[in-house]
Amino acid sequence: MNIPLNIDWQQILLHFFNFSILVGGLYLLLFKPVKSFMAKREKHYADMESAAVAREKDTEELKAEMAKREAAFDTELEEKRAAAAKEAEAFAQQQRDAAKAQADRILSDAKAAAESERQKIVAEANREAVAIAEDAMEKLLAKETSRAYDSFVNAAEEEKNEQ
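Parameters and conventions
Residues numbered from 1 in each chain as written. Predicted model: local features only at pLDDT ≥ 70, side-chain atom pairs only at ≥ 80, totals over all residues. Heavy atoms only, no water. Helix = DSSP H or I, 4+ residues; strand = E, 2+ residues; numbered from the N terminus. Rg over C-alpha atoms; globule rule 2.2 N^0.38 Å. Buried < 20%, exposed > 50% of the residue type's maximum accessible area, 1.4 Å probe, protein only. Lys, Arg positive; Asp, Glu negative; His and termini not counted. Charge placed at Lys NZ, Arg CZ, Asp CG, Glu CD. Expected span 1.5 Å × (residues − 1). Bend = angle between axes of the 7 residues up to and from the residue. Patch = residues over 30% accessible without salt bridge, like charges linked within 9 Å, V, L, I, M, F, W, Y side chains within 5 Å. Areas by Shrake-Rupley, 256 points an atom, 1.4 Å probe, with all protein chains shown as cover. Salt bridge = Lys/Arg side-chain N within 4 Å of Asp/Glu carboxyl O.

### Re the overall build of the chain
Helices and strands together make up the secondary structure of the chain, namely one helix and zero strands. The C-alpha radius of gyration computed for the chain amounts to 67 Å, which surpasses the reference 15 Å derived for 163 residues by more than 25%, pointing to a less compact arrangement than a globule. When burial is assessed residue by residue, the chain has 0% of its 163 residues classed as buried. The positive charge centre, built from 24 side chains, and the negative charge centre, built from 32, are 15 Å apart in the chain.

So this is what it looks like as structure tokens:
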């Protein structure tokens, strides 16, 4: 058989078969594992991205919740501060009232003590005045008595002398 250009179909088919085996082998040995590796890698990065997005979403929710808690805490803190201030004011008013009552009691006790002391001083002054008056009366009476006695004695002596 005389084939033009020296083409041997059997050789072409064998080369085609070898090429098919080579492509199949390369496909199984290189392309499929590389494609599988790339798919796994792509899936891994997609999973990482979705996890990051989920974490970011959770973080935003957590931030919002923390902001709510902080606002609630601030409100509660303000309420407690107001209550404490009110309680402190009530306590201070109670202390002021107690101090005023004590001051009034001390003042009334001092007035009572002063009045008692004044009465004692007046009574003592009256006693002293009475004692001074009695002494003065005794001295006057003694003087008058002595004059009267002297007059009587003198009158008696004159009468005796006249007799």
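Resuming the write-up.
### Some points on helix H1 (residues 9-162)
The first and last C-alpha atoms of H1 sit 217 Å apart over 154 residues, in line with the 230 Å expected at 1.5 Å per residue. Maximal helix bending in H1 amounts to about 45°, located at Tyr27.

### Structural notes on a negative patch on the surface
Taken together, the side chains of Glu157, Glu158, Glu159 and Glu162 define an acidic patch exposed on the protein surface. Note on placement: Glu162 falls in helix H1.

### Thoughts on a nonpolar patch on the surface
A cluster of nonpolar side chains, contributed by Phe19, Leu22, Val23, Leu26, Tyr27, Leu28, Leu29, Leu30 and Phe31, occupies part of the molecular surface with about 930 Å² of accessible area. The topology assignment puts Phe19 in helix H1. For Phe19, a relative accessible area of 52% gives the class exposed.

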